[in-house]
Amino acid sequence: MTPEAHRPADEHREPDFISAVREDLTDWRQWLSRAVVLAFAVAAGLAVVLFTWVSDQAIAAFAAMRAWSPWAPLVWTPCCTAALVWITRRYAPGAGGSGIPQVMAALSSRVPADKQGLFVSLRLSVSKLLLVSGGLLGGLAIGREGPSVQIAAGVMQHAQRWLPRRSPLNHDGLLVAGGAAGIAAAFNAPLAGVMFAIEELTRKIEQRSSGLIIASIVLSGLMAVSVFGNASYFGRLRVDHLTWAHLLPGLLTAIGCGLAGGVFSRLLQRSLLGGNDRFSRWRARFPVRFAFACGVAIAVLGLVSHGATDGSGYDYTRGLVEGHLDLPVLYVTLRIVATWLAVWSGVPGGIFAPSLAIGAGIGSDIAQLTSTTEGAAALIAIGMTAFLAAVTQAPVTAFIIVMEMVDGHSMVLSLMAAALLASLVSRWISVPIYHRLALAQLARLPSTEAARSDLKRSP
């Protein structure tokens, strides 16, 4: 007999409308679960909104200090960097780094329930908010988008204690929803959050809970829209109709960003994971002193670039997107070095916004080198997409984030092709950064080897 013959007849029977509606409406556990999850989705979105506001105030305060005295960061930035690293290592080691590897580590099936607080918790969310804002107050070249993932996931997973026992959404589903909600709210792009959940946090979403997860992500993104308005993260990038003249500059931008992003990703991994070189040994033995030295170097870069390397690079990227900013000489190189030093110092912070700033700078430089003045906006968009895709090796997420900033359907296929090409080139140079850093997070568990082998087997 065929396998179909063994299946129950109920599987082939059409649902009874009245019975289906009655069963759905009378299942109070299902409705309670939905209400709890959506309520915490609102809370996660508002937490990211608060984080955005605090970060903006920190950036503005540092800019005011630089305007008051351009030399003040030479003292303030090193002291702030050293203090933040000491606080992180002493009181909140789980809040270090980007935050995305922690969420990925918490999704591992080998992490016991009593150890999940090492990676994601409400306490870590509060710590992350304060520490990353402190880094931006110190003028460090870090972003808040990756940390938003851990912050929102920490809020969202707190819903577990309020869910009924037979809830369709488990702890992993809450983490996926919370992490993706962080991207949606940070970039004001719910679609990017959905794709981030599928592409980076987990390779599948259970059918019975997929609708609730997507609804939570969208609702969190709407919290940002309700506060900041329906405006894109970096403004609107207006692109005219593309021609064949853009093909070669576009390929150069995508391949160049793929190579640079792959090298940058590999450099970050090597620096964070350490090695046998002198600097890695010094960082492991004297982390606070090493952070102070990184802060000195970052302050010098900010002084030389007249503040161009300060913070996440949001203002410079927005200026490029809107077409009324000339970059300083060696902007891309200086920002790469400043971001690398900020991450290497050990201060909590992300790389999404700095990567977009670097990619925009590369696109602008190639537009000038190829005399593509009329198509500079297109190359800036391609550069942002390609470099972010190369660093994160999440091409679909990178493509959608930038796509929502582009005012013109002619760029959709170009951005998709650039993201895929840059990600392919990057994979020839570096392994995916977040998966490798997640292994380092899992090494904090007592059963290190079991946890590491589990993550390697994950799709």
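Rules used in this analysis
- Residues numbered from 1 in each chain as written.
- Predicted model: local features only at pLDDT ≥ 70, side-chain atom pairs only at ≥ 80, totals over all residues.
- Heavy atoms only, no water.
- Helix = DSSP H or I, 4+ residues; strand = E, 2+ residues; numbered from the N terminus.
- Contact = heavy atoms within 4.5 Å.
- Areas by Shrake-Rupley, 256 points an atom, 1.4 Å probe, with all protein chains shown as cover.
- Buried < 20%, exposed > 50% of the residue type's maximum accessible area, 1.4 Å probe, protein only.
- Core = buried A, V, L, I, M, F, W, Y, C linked by side-chain atoms within 4.5 Å.
- Polar contact = N/O pair within 3.5 Å; in protein donor to acceptor, adjacent residues only side chain to side chain.
- pLDDT = per-residue confidence, 0-100.
- Patch = residues over 30% accessible without salt bridge, like charges linked within 9 Å, V, L, I, M, F, W, Y side chains within 5 Å.
- Salt bridge = Lys/Arg side-chain N within 4 Å of Asp/Glu carboxyl O.
- Axes fitted to C-alpha atoms, helices over the stretch in contact; angles between N-to-C directions.
- Parallel < 35°, antiparallel > 145°, perpendicular 65-115°, else oblique.
- Left-handed = near helix turned anticlockwise from the far one by under 90°.
- Nonpolar A, V, L, I, M, F, W, Y, C, P; charged D, E, K, R; others polar.
- Expected span 1.5 Å × (residues − 1).

Visitor: Would you explain the overall build of the protein chain in this entry?
Guide: A count of helices and strands for the protein chain gives 20 helices and two strands. In the protein chain, the share of contacts with a sequence separation of at least 24, taken over all contacts with a separation of at least 6, comes to 80%. Accessible area of the protein chain: about 20800 Å², with a carbon and sulfur share of 63%.

Visitor: What's the story with unusual backbone geometry in this structure? I'm lost.
Guide: What you tend to see is this: most non-glycine residues have negative phi, and most peptide bonds are trans. A positive phi angle, close to 60°, is found at histidine 306, a residue other than glycine. Within the secondary structure, histidine 306 sits in the loop between α12 (287–304) and α13 (314–321). Residue histidine 306 is classed as exposed on the basis of its relative accessible area of 70%. Even without being glycine, glutamine 393 reaches a positive phi, approximately 55°. By the secondary structure assignment, glutamine 393 is in the loop between α16 (376–392) and α17 (395–403).

Visitor: What am I meant to see in the nonpolar core here?
Guide: One recurring pattern in soluble globular proteins: nonpolar side chains tend to sit buried together. Counting residues in hydrophobic clusters, the biggest one holds 120 residues, and the most contacted among them are Phe119 and Phe352. No other element matches α16, which puts twelve residues into this core. Among all residues touching phenylalanine 119, those that are not within four sequence positions of it are Gly94, Gln102, Ala105, Ala106, Val111, Leu124, Gln150, Gln441, Leu442, Arg444 and Leu445.

Visitor: Just to check I follow, could you spell out the side chain of serine 148 for this structure?
Guide: You can see serine 148 is positioned in helix α6 (residues 145–157). Residue classification places serine 148 among the buried residues on the basis of a relative accessible area of 0%. At a separation of 2.6 Å, a polar atom in the side chain of serine 148 contacts the main-chain carbonyl oxygen of arginine 144. Setting aside chain neighbours within four positions, we find serine 148 in contact with Val48, Phe51, Gly182 and Ala186.

Visitor: Just checking my understanding: could you explain the confidence of the model for the protein chain for this structure?
Guide: For the protein chain, the mean per-residue pLDDT works out to 83, and 83% of the residues sit at or above 70. Mean pLDDT in the protein chain bottoms out at helix α20 (residues 448–457), which sits at 47, and peaks at helix α3 (residues 73–91), which reaches 96. Across residues 448–459, confidence stays below pLDDT 50; counting only partners more than four residues off in sequence or on other chains, it has 17 contacts.

Visitor: Looking at this model, I keep getting lost on a nonpolar patch on the surface. Mind explaining?
Guide: Judged by side-chain polarity, Trp244, Leu247, Leu251, Ile255 and Leu259 come together as a nonpolar surface patch covering roughly 540 Å² of accessible area. Judged by relative accessible area, leucine 251 falls into the partly exposed class, the value being 39%.

Visitor: Help me out: how do you make sense of the environment of proline 354 in this one?
Guide: Mapping proline 354 onto the fold places it in helix α15 (residues 352–369). Residue classification places proline 354 among the buried positions, given a relative accessible area of 1%. Discounting residues that sit within four places of it in the chain, proline 354 has contacts with Ala141, Ile142, Gly143, Ser312, Arg335 and Thr339.

Visitor: Would you explain the packing of α16 against α17 in this entry?
Guide: Helices that pack against each other are described as a pair by the angle of their axes relative to one another and the distance between those axes. Contact pair α16 / α17: the axes reach a minimum separation of 8 Å and the direction vectors enclose 150°. By the angle between their axes, α16 is roughly antiparallel relative to α17. Viewed along their axes, α16 and α17 form a crossing whose handedness is right-handed. Residues Ala381, Met384, Thr385, Leu388 and Ala389 of α16 form the contact with α17, whose own contacting residues are Pro395, Ala398, Phe399, Ile401 and Val402. Among the residues forming the contact of α16 with α17, the class breakdown is nine nonpolar, one polar and no charged.

Visitor: What should I look at first to understand the environment of valine 103 in this one?
Guide: Relative to the elements of secondary structure, valine 103 occurs in helix α4 (residues 100–106). In this structure, the C-alpha to C-alpha distance between valine 103 and valine 149, residues 46 residues apart in sequence, is 7.7 Å. With residues up to four places along the chain from it excluded, the contact list for valine 103 reads Val120, Val149, Gln150, Ala153, Leu175 and Leu201.

Visitor: Help me understand the pattern of salt bridges in this model?
Guide: Any two side chains of opposite charge can pair, on the condition that their charged atoms come close. One pass over the full model with this rule turns up one salt bridge. One salt bridge connects aspartate 310 with arginine 66, and the closest N-O pair in it is separated by 2.7 Å. One end of the pair, aspartate 310, is in the loop between α12 and α13; the other, arginine 66, is in helix α2 (residues 28–68), and 244 residues separate them in sequence.

Visitor: What's the story with α3 in this structure? I'm lost.
Guide: Between its first and last C-alpha, α3 extends 26 Å over 19 residues, near the 27 Å set by a 1.5 Å rise per residue. Within α3 the residues assigned to the buried category are Pro73, Thr77, Pro78, Cys80, Thr81, Ala82, Leu84, Val85 and Thr88.

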